[in-house]
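Each chain, written out:
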Amino acid sequence: MQLTLITIINVLVLSSMYILVALGFAFLFSIMGILNFAHGAIYMVSGYICYQLAVEWALNQWLSLFLSVILVGAFGLFLEKYCFRPFFGNLNRTIVVCIAIIIILETTVNVTVGTLVRSLPAFVPGILRTGFISVSAEKLVTVMIGGSLLAAMVWFIRRTKLGQQMQAISQDVEGAALQGISVHRISALACVLACGLAAVAGCLMGAIFNLSPFMGGHMLLKALELVILGGIGSVGGIFFAGFVIGTLDATLPLFIGGAACEAIGIGVIIMVLLFRPQGFFGREAG
Amino acid sequence: MVEKRLSKRNRKKLIQPGIYAGVIIVLSLFPLWIKSPYWTHIFILTFIYIIATVSLRTITISGQFPLAHAAFMGIGGYVAAIPSKWFGWSPWLTIPLGAITAMGIGILIGYPFARLRAMYYAMVSLFFGIGVLQVFFVFQRWTNAYHGLTGIPPLLSVTSKVPYYYFFLGLTVVCLSILYRFEFCRIGMTLKAIEQSHLVASSVGINEPRYRVLVLAVGCFFVGLSGGAYAHYVRALSYTSFDLLATLWLFMYVLIGGIGSFAGPIVGTALLVIVPEFLRGMKEFVPYISAAILLIVVFVMPEGLVGLPQLVESWMKKHREKRAVHHAS
């Protein structure tokens, strides 16, 4: 009973955080056509900013989470204007820029904070107990924040004008521009949102797990898996793939070793993609 | 006019082999000039990575972008290292074994992957590369992937690095000549046709999947060779040399040098491996140098370093025209 409940909570934590990061990655990919390999590094840096503010400078932890999201969002604005816009539509050169950003961010963290593993204190310390069951309050709060943010994002994409403009651009850039949508402004918005979502996930995951300068690589991989498996340009697909991968990651280690479980997960993804290259819900693309 | 153009082409025909021969001669005289074992080591590593990057570019001429190349290097490395370390096989046997295993796996995945194109191909091969790394972890007992496999038997039983230097120089020259011939023979032309339009290519009777598997096999063979040679030269393997970031770094070497020409990956690898070594004194700030090189090249030179002479020429031309206009007015 206890084990089942904890597994369910773990599934929800992992899937909601994966989806948060992957949603931003998918925005950048479908709107600007950029494979942002620096997304994991941005996720890592936001955790470290939160650590610096909350632990070193002893600010309120929720305030430092907020400030970290704002800072990383502003960094997203900078990225869009000076790193992605000059290379619009040239995948090779944006990959080079992304690698340069990864190197700069990781080196900066190494130089300033150091390579030792750090950890953020829990946002909500304590354990909830009812009867036989006890649950970490931290994880519940993480699920709640992640879930509400995701609901807000879906509402934003489906219902607001800006969200619909984003959808229009992801379907056809030229057609959207002909309708009077400012492509650059929407790209900037997408970039800020992507970085902000990654920042929220980075801070929350930093409090549950540890911070290390190289934790971005794992998350980047998960984001790639979600976006490709779910299907490019499909928000529902990302949610579905997020639950699938979150469930695999949270339950398989109960039965087999960590490396074997990763290998099985990757094998499943490759098999799915060989038979359905466009992912579960993706549309056909050239 | 026609004569002039012909003579220019003839001159180019002479210049290119001249440059290659000059570079090889200078490199073979290099150990006489520089005695430091450290720098000899850096040059040997550069040779190994040049084989890997040039084979990567050979695959990309067919329009495939495999993001698993470092994983194939890892297959070559571990398959060469494990029998040699645990069963005492000779390195001269295990290096070709590693290369052939990498080629075999390349062929095996080549057929199902030939269904995929462009972005999907890149993504599936990326996941394949990660999967290979996880398989190394699963066979922890043999590969010791977490802590690093050490104590691999050396290729040559010498303490000096100079024999290694000549061995790797020779190996690089042989591999690059084969890959050069491969690219500019009929098969290479066919691959370029597939890259430009796979529909037109298959409409004139080219068996597209077969050629794509063929080029993948050739690329994987050479990268497996470089991985095996790396394992027996460095004598220690760590999984971080073969993960996603390592693959992306191999791509960086190709893109910075210029993906459009054969010399591109050679120049790019030489620059990105050797230049940061000059600045070793900066310790943990060294990665900034690599990042700066990447950013400068990507913002200033769209064709990569190989496009630099043309870029300078066009700048000079523009400058001259401006001056001419200035004089006229």
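These numbers come from a predicted model, not from an experiment.

Definitions and cut-offs
Residues numbered from 1 in each chain as written. Chains lettered and ligands numbered in written order. Predicted model: local features only at pLDDT ≥ 70, side-chain atom pairs only at ≥ 80, totals over all residues. Helix = DSSP H or I, 4+ residues; strand = E, 2+ residues; numbered from the N terminus. Rg over C-alpha atoms; globule rule 2.2 N^0.38 Å. Buried ≥ 20, exposed ≤ 12 C-beta atoms within 10 Å, placed from the backbone. Contact = placed C-beta atoms within 7 Å. Core = buried A, V, L, I, M, F, W, Y, C linked by C-beta atoms within 7 Å. Nonpolar A, V, L, I, M, F, W, Y, C, P; charged D, E, K, R; others polar. Axes fitted to C-alpha atoms, helices over the stretch in contact; angles between N-to-C directions. Left-handed = near helix turned anticlockwise from the far one by under 90°. Pairing = 2+ DSSP bridges. Expected span 1.5 Å × (residues − 1). Arc of directions from axis to C-beta. pLDDT = per-residue confidence, 0-100. Parallel < 35°, antiparallel > 145°, perpendicular 65-115°, else oblique.

Engineer: Whenever I open this one, the overall build of chain B confuses me. Can you help?
Structural biologist: For chain B, the helix and strand inventory stands at 14 helices and two strands. The C-alpha radius of gyration of chain B comes to 22 Å, within 12% of the 20 Å expected for a compact globule of 329 residues. In terms of its C-alpha atoms, chain B occupies a principal-axis envelope of roughly 80 × 55 × 35 Å. Considering chain B as a whole, with its 329 residues, one finds that 42% of them fall into the buried category.

Engineer: When you look at the overall build of chain A in this model, what are you seeing that I'm missing?
Structural biologist: Looking only at helices and strands, one finds 11 helices and two strands in chain A. If you list the helices and strands of chain A from N to C, you get α-α-α-α-β-β-α-α-α-α-α-α-α. Taking 19 Å as the expected radius of gyration for a compact globule of 286 residues, we find that chain A reaches 19 Å, a close match to that expectation. Taken over 286 residues, chain A has a buried fraction of 48%. Counting contacts in chain A only where the partners sit at least 6 residues apart, residues at least 24 apart contribute 75% of the total.

Engineer: Looking at this model, I keep getting lost on the nonpolar core. Mind explaining?
Structural biologist: In summary, soluble globular proteins display a tendency toward joint burial of nonpolar side chains. In terms of nonpolar packing, the biggest core is built from 190 residues, with V21, A22, I99, A190 and V227 of chain A together with M252 of chain B touching the most fellow members. With near-sequence residues (within four places) excluded, A22 of chain A lies in contact with K222, A223, L226, V227, I238 and G242 of chain A.

Engineer: What's the story with the interface of chain B and chain A in this structure? I'm lost.
Structural biologist: It is common to give the size of an interface as the accessible area that goes away when the parts come together. Between chain B and chain A, the residue contacts involve 31 residues of the former and 28 residues of the latter. A breakdown of the residues in the side of chain B that touches chain A according to their chemical character gives 26 nonpolar, three polar and two charged.

Engineer: Explanation requested: the packing of helix α8 (residues 186-196) of chain B against helix α10 (residues 208-234) of chain B in the structure shown.
Structural biologist: Geometry of a packed helix pair, given as the angle between the helix axes and the separation of the axes. Residue and element names in this part refer to chain B. Axis separation between α8 and α10 bottoms out at 10 Å; the angle between their running directions is 115°. Remark: the crossing between α8 and α10 carries left-handed chirality. Taking contact as the criterion, the partners of T190, L191 and I194 in α8 are, on α10, E208, Y211, R212 and V215. Broken down by class, the residue content of the contact of α8 with α10 amounts to four nonpolar, one polar and two charged.

Engineer: Got a minute to help me understand unusual backbone geometry in this structure?
Structural biologist: Among all residues save glycine, negative phi is the norm, and among peptide bonds the norm is trans. Not every positive phi belongs to a glycine, and A58 of chain A is a case in point at roughly 55°. Structurally, A58 of chain A is set in the loop between α2 (39-56) and α3 (61-84). The backbone of R235 of chain B sits at a positive phi, close to 70°, despite the residue not being glycine. Along the chain, the position of R235 of chain B falls in the loop between α10 and β2 (236-237).

Engineer: How do you make sense of the pairing of strand β1 (residues 127-130) of chain A when you look at a structure like this?
Structural biologist: In the case of a regular strand, side chains alternate between the two sheet surfaces. Residue and element names in this part refer to chain A. The pairing of β1 with strand β2 (residues 133-136) spans four bridges and is antiparallel. Looking at the pairing, R129 lines up with S134 of β2. With antiparallel pairing between neighbouring strands as the criterion, β1 and β2 make up a hairpin whose turn holds two residues, including G131 at a positive phi of roughly 65°.

Engineer: Hey, could you run me through the environment of L250 of chain B in this one?
Structural biologist: Residue and element names in this part refer to chain B. Tracing the chain through its elements places L250 in helix α11 (residues 244-257). Residue L250 is classed as buried on the basis of its 23 C-beta neighbours within 10 Å. Taking C-alpha positions, L250 is 9.5 Å from V54, a pair spaced 196 residues apart along the chain. If we ignore the near neighbours within four places in the chain, the residues touching L250 are A52, T53, L56, H69 and A70.

Engineer: Mind showing me how you'd approach helix α13 (residues 286-300) of chain B here?
Structural biologist: All names here are of chain B. Helix length check: α13, at 15 residues, gives a terminal C-alpha distance of 22 Å against a target of 21 Å (1.5 Å per residue), a fit within 8%. All of the buried residues in α13 are S290, L294, V297 and V298. One side of α13 holds all its buried residues, which, seen down the axis, span an arc of 95°. Opposite its buried face, α13 presents the exposed residues I296 and V300, each directed more than 90 degrees away.

Engineer: Explain the environment of Y18 of chain A to me, please; I cannot follow it from the model alone.
Structural biologist: All names here are of chain A. Mapped onto the secondary structure, Y18 falls in helix α1 (residues 2-32). Y18 gets classed as buried once you count the C-beta atoms within 10 Å, which come to 25. Among all residues touching Y18, those that are not within four sequence positions of it are K222, L226, G242, I245 and G246.

Engineer: Is there a simple way to think about helix α8 (residues 183-208) of chain A in this case?
Structural biologist: Along an α-helix, a turn takes 3.6 residues, which lines up residues three or four apart on a common side. Here α8 of chain A contains 26 residues, and its C-alpha end-to-end distance of 38 Å stays within 8% of the 38 Å for a straight helix at 1.5 Å per residue. Of all 26 residues that make up α8 of chain A, 22 are buried, and the element is covered over most of its length.

Engineer: For this particular structure, what's the right way to read the confidence of the model for chain B?
Structural biologist: Reading fine detail from the predicted coordinates is not recommended where pLDDT is low. Predicted confidence across chain B gives a mean pLDDT of 87, with 96% of residues reaching 70 or more. At the level of chain-chain contacts, confidence expressed as ipTM amounts to 0.84, with global pTM at 0.87.

Engineer: Sorry if this is basic, but what is going on with the packing of α11 of chain B against helix α12 (residues 263-278) of chain B here?
Structural biologist: All names here are of chain B. In contact at an axis separation of 7 Å, α11 and α12 are set at 115° when each is read in the N-to-C sense. Taken together, α11 and α12 sit at an angle that is classed as roughly perpendicular. Considering how the two elements wind past one another, α11 and α12 form a crossing that is right-handed. Only G264, P265, I266, V267, G268, T269, L271 and L272 of α12 make contact with α11, whose side of the interface consists of M252, Y253, V254, I256 and G257.

Engineer: I tried to follow the environment of F262 of chain B on my own but got confused; where do I start?
Structural biologist: Residues and elements named next belong to chain B. Here F262 lies in the loop between α11 and α12. Judged by C-beta crowding, with 19 C-beta atoms within 10 Å, F262 ranks as partly exposed. Residues F262 and F167 lie 95 residues apart in sequence; the distance between their C-alpha atoms is 22 Å. When sequence neighbours within four positions are dropped, the list of residues in contact with F262 reads Y180 and E183.

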